[in-house]
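# Examination of the molecular architecture
Here is what each chain is made of, one letter per residue.
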Amino acid sequence: MQNMVILGATGSIGASTLNVIESNPSEFNVYGLVANASVDKMLALCLQHQPQYAHMVDEHAAVQLKAQLPVDCVTEVTTGAQALNALVTDSCTDTVMAAIVGAAGLVPTFDAVKAGKRVLLANKEALVMSGELFMNTAKASGATVLPVDSEHNAIFQCLPTQVQGQLGYCNLGQHGISHILLTGSGGPFLHSDLSALSAMTPAQACNHPNWSMGPKISIDSATMMNKGLEFIEARWLFNTQKEQLKVVIHPQSVIHSMVQYRDGSVIAQMGNPDMRTPIAHCMSYPQRIHAGVEPLDFFKVGQLSFCEPDFSRFPCLQLAMQACEQGQEATTVLNAANEIAVDAFLKGQVRFTDIADVNRRCLDSVQQTRLASIEDILQLDEQARVTAKSVIKTLN
């Protein structure tokens, strides 16, 4: 029985994780749930799953939740950075699902890794912002890091067992691997007229043809920044060189990624587009459990198609690949700028095509500095956010 703490319990990954737990009640126990401010959702989860701890990042939300829980409820409500650190490092915590979207998820995820926990990594920013430091810390603490993102999980499943045990430090070439092929659907605007992109609305950008996701990740999928962040993640997870990592557009989202070997073989991981599959894989690795996902029906799949990404359509993907080559400072700045730009677009403050412009201008401002700690990274992150907000003011 694994005691699980779910960071981002009220989000889409949190919901899918709890669904997998419900399908395997003898294997997992909900020890702690963490959310930002969604009191109603957290209240329902507490009543259903009876966790030992419910942590609300927002202090006012914590007060509200505590007031609404029945007096006989076993759940203890906490708030504050110290209490969150105590939860993810608790000796009773076996596994941490890191699914808080954005830079807000970095510190608790890093704390769990530092404590040597089994960390199921759904938060992209942990590696985008602190990849080298994160993987070095995991190695030093003995933490197990397993990738939840469907693409990285697919790659992981296609790798030799020995490489799976050496994430961050594996030598792909020594194991006969020539390329990692990172697939992406191309999102809702893959075939839209380029001249129409500036007028696209948040509702249109969130209307993904295959996946059901939160608003921020949906916008990132439409710009393909999502794939760009995954490109950066893959660089740190699989210790890839620039020439070993490629992005392939695959609109059907049936093949979730591939590994190409020196002998000409290509191993692909396939399945229906349902996040419960990679979540269940990480939760039970190296075993397999029931995920509640229908198996892929090859007689209904139809055509599988592939194409190269068009950087004139997806400039954010190109920016992310450039930032990856520049280094940790650039990827931290790009991530922060993108979060601000996407938030502004969702609020109707900028156009869809302005997202890339904000990101580009912030990336142009990057200065080479040594990021030796989480504190250094968070300071640069905050500076980049200020810069992004200033850039947005010039667009209005």
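Rules used in this analysis
Numbering of residues starts from 1 in every chain and runs along the sequence as written. At least 70 in pLDDT is required for a residue's local features to be given in this predicted model, at least 80 for side-chain atom pairs to be given and counted, and no such filter applies to totals for whole chains, interfaces and linings, which use all residues. Hydrogens and water are ignored here; the side-chain numbers use all heavy atoms of the structure. UniProt positions are given in the numbering used here, feature names are shortened, and annotations may be inferred rather than shown by experiment. Here, strands pair whenever DSSP counts at least two bridges between them. By the criteria applied, helices consist of DSSP H or I runs no shorter than four residues and strands consist of E runs no shorter than two, each listed in order from the N terminus. Between N-to-C directions, angles span 0 to 180 degrees; the directions come from axes that are lines fitted to C-alpha atoms, helices contributing only their stretch in contact. Whether two residues are in contact is decided by their heavy atoms: any pair within 4.5 Å suffices. Put simply, buried Ala, Val, Leu, Ile, Met, Phe, Trp, Tyr and Cys residues joined by side-chain atoms within 4.5 Å make one nonpolar core. Think of it in three bands: residues with accessible area under 20% of the maximum for their type are buried, residues over 50% are exposed, and the middle band is partly exposed, with areas taken using a 1.4 Å probe on protein chains only. An angle counts as roughly parallel when it lies under 35 degrees, as roughly antiparallel when it exceeds 145, as roughly perpendicular when it falls between 65 and 115, and as oblique in every other case. Two helices cross in a left-handed way if the nearer one is turned anticlockwise from the farther one by less than a right angle. They cross in a right-handed way if the turn is clockwise. In the sections that follow, a salt bridge refers to a side-chain nitrogen of Lys or Arg positioned within 4 Å of a carboxyl oxygen of Asp or Glu. A helix's residues, less one, multiplied by 1.5 Å, set its expected span. The directions considered for the arc are those from the helix axis to the C-beta atoms. Any two cysteine sulfur atoms within 2.5 Å of one another count as a disulfide.

If you check an unreviewed UniProt entry, the protein appears there as 1-deoxy-D-xylulose 5-phosphate reductoisomerase from Shewanella metallivivens. The heading Catalytic activity (unreviewed entry) in the UniProt record of the protein holds the text "2-C-methyl-D-erythritol 4-phosphate + NADP(+) = 1-deoxy-D-xylulose 5-phosphate + NADPH + H(+)". Recorded in UniProt under Function (unreviewed entry), the annotation for the protein is "Catalyzes the NADPH-dependent rearrangement and reduction of 1-deoxy-D-xylulose-5-phosphate (DXP) to 2-C-methyl-D-erythritol 4-phosphate (MEP)."

### Let's talk about the sheet that holds strand S8 (residues 177–184)
Reading across from one edge, S9-S8-S10-S11 is the order of the four strands in this open sheet, with mixed pairing throughout. Of all the strands in the sheet, the pair left with one neighbour each is strand S9 (245–249) and strand S11 (266–270). Each adjacent strand pair in this sheet contributes to an overall mean axis angle of 20 degrees, direction not counted. With five bridges joining them, S8 and S9 adopt parallel strand pairing. Residue pairing in the sheet places Ile180 in a bridge with Leu245 of S9. Docked against the sheet, helix H7 (residues 150–158) engages S8, strand S10 (255–261) and S11, running at close to 40 degrees with respect to S10.

### Details of the nonpolar core
Leu7, Leu65, Met97, Phe134 and Phe352 are the most contacted members of the largest nonpolar core, which has 128 residues in total. The greatest single-element share of this core, amounting to ten residues, is contributed by helix H15 (residues 328–346). When sequence neighbours within four positions are dropped, the list of residues in contact with Met97 reads Met4, Val5, Ile6, Leu7, Ile13, Thr17, Leu120, Ala122, Val148 and Ile279.

### Quick notes on the packing of helix H4 (residues 81–89) against helix H5 (residues 106–114)
When two helices pack together, their arrangement is captured by the angle between the axes and the distance separating the axes. With their axes 9 Å apart at the nearest point, H4 and H5 run at an angle of 40 degrees to one another. Considering the angle they form, H4 stands oblique to H5. Taken as a pair, H4 and H5 cross one another with a handedness that is right-handed. Across the interface between the two elements, Leu84, Asn85, Val88 and Thr89 from H4 touch Pro108, Asp111 and Ala112 from H5.

### A look at the UniProt feature "binding site: Mn(2+)" (unreviewed entry) in the protein
Mapped onto the present numbering, the UniProt feature "binding site: Mn(2+)" (unreviewed entry) falls at Asp149, Glu151 and Glu230. A maximum C-alpha distance of 8.3 Å among these annotated residues, which run over 82 residues, shows that they cluster at one spot. With near-sequence residues (within four places) excluded, Glu151 lies in contact with Leu182, Thr183, Lys227, Glu230, His256 and Ser257. Note on placement: Glu230 falls in helix H11 (residues 225–237). A relative accessible area of 1% places Glu230 in the buried class.

### Considering the pattern of salt bridges
Tallying each qualifying case throughout the model produces 13 salt bridges. We note a salt bridge from Arg276 to Asp274, for which the minimum N-O separation is 2.8 Å. The pair formed by Arg276 and Asp274 is uniform in burial state, with each residue classed as buried. Across the pair Asp354 and Arg351 runs a salt bridge whose closest N-O atoms are separated by 3.3 Å. The class for Asp354 is buried, based on a relative accessible area of 8%. Its relative accessible area of 47% is what places Arg351 among the partly exposed residues.

### What to know about helix H17 (residues 374–395)
If you check H17, its first and last C-alpha atoms are 32 Å apart, about what 22 residues at 1.5 Å a residue would give, namely 32 Å. Among the residues of H17, Ile374, Ile377, Leu380, Asp381, Ala384, Arg385, Ala388, Val391 and Ile392 are the ones counted as buried. For H17, the arc enclosing every buried residue in end-on projection is 150 degrees, short of the 170-degree limit, so these residues lie on one face. Away from the buried face of H17 by more than 90 degrees, exposed residues Glu375, Lys393 and Thr394 are located. Where H17 is buried, its residues contact H5, helix H6 (125–141), H15 and helix H16 (354–364).

### Comments concerning the sheet that holds strand S4 (residues 76–78)
Note on sheets: strands pair through backbone hydrogen bonds, and any given pair is parallel or antiparallel. Taken together, the seven strands give an open sheet; going across it, the order is S4-S3-S2-S1-S5-S6-S7, and neighbouring strands pair in parallel fashion. Pairing within the sheet leaves two strands with one partner each, and these edge strands are S4 and strand S7 (144–147). When strand polarity is set aside, the average angle formed by the axes of neighbouring strands in this sheet is 20 degrees. Together, strand S1 (2–7), strand S2 (28–35), strand S5 (95–98), strand S6 (118–121) and S7 form the strand contacts of helix H12 (residues 276–284), whose direction differs from that of S6 by roughly 170 degrees.

### Details of the state of the cysteines
On inspection of all chains with the given rule, the structure shows zero disulfides. With no disulfide of its own, Cys282 has Cys158 as its nearest cysteine by sulfur position, at a separation of 13 Å. With no disulfide of its own, Cys307 has Cys316 as its nearest cysteine by sulfur position, at a separation of 18 Å.

### Re the environment of Leu363
In this fold, Leu363 is placed in helix H16. The class for Leu363 is buried, based on a relative accessible area of 6%. Put simply, Leu363 and Leu334 are 29 residues apart on the chain and 5.9 Å apart in space, counted from C-alpha to C-alpha. If near-sequence neighbours (up to four positions away) are discounted, Leu363 is found in contact with Leu319, Ala323, Gln326, Ala330, Val333 and Leu334.

### Observations concerning the packing of H6 against H11
Taken N-terminus to C-terminus, the directions of H6 and H11 make an angle of 15 degrees; their axes are 8 Å apart at the nearest point. In terms of their interaxial angle, H6 and H11 are classed as roughly parallel. The interaxial crossing formed by H6 with H11 has left-handed handedness. Contacts between H6 and H11 pair Glu125, Leu127, Val128, Gly131, Glu132 and Met135 from the former with Leu229, Ile232, Glu233, Trp236 and Leu237 from the latter.

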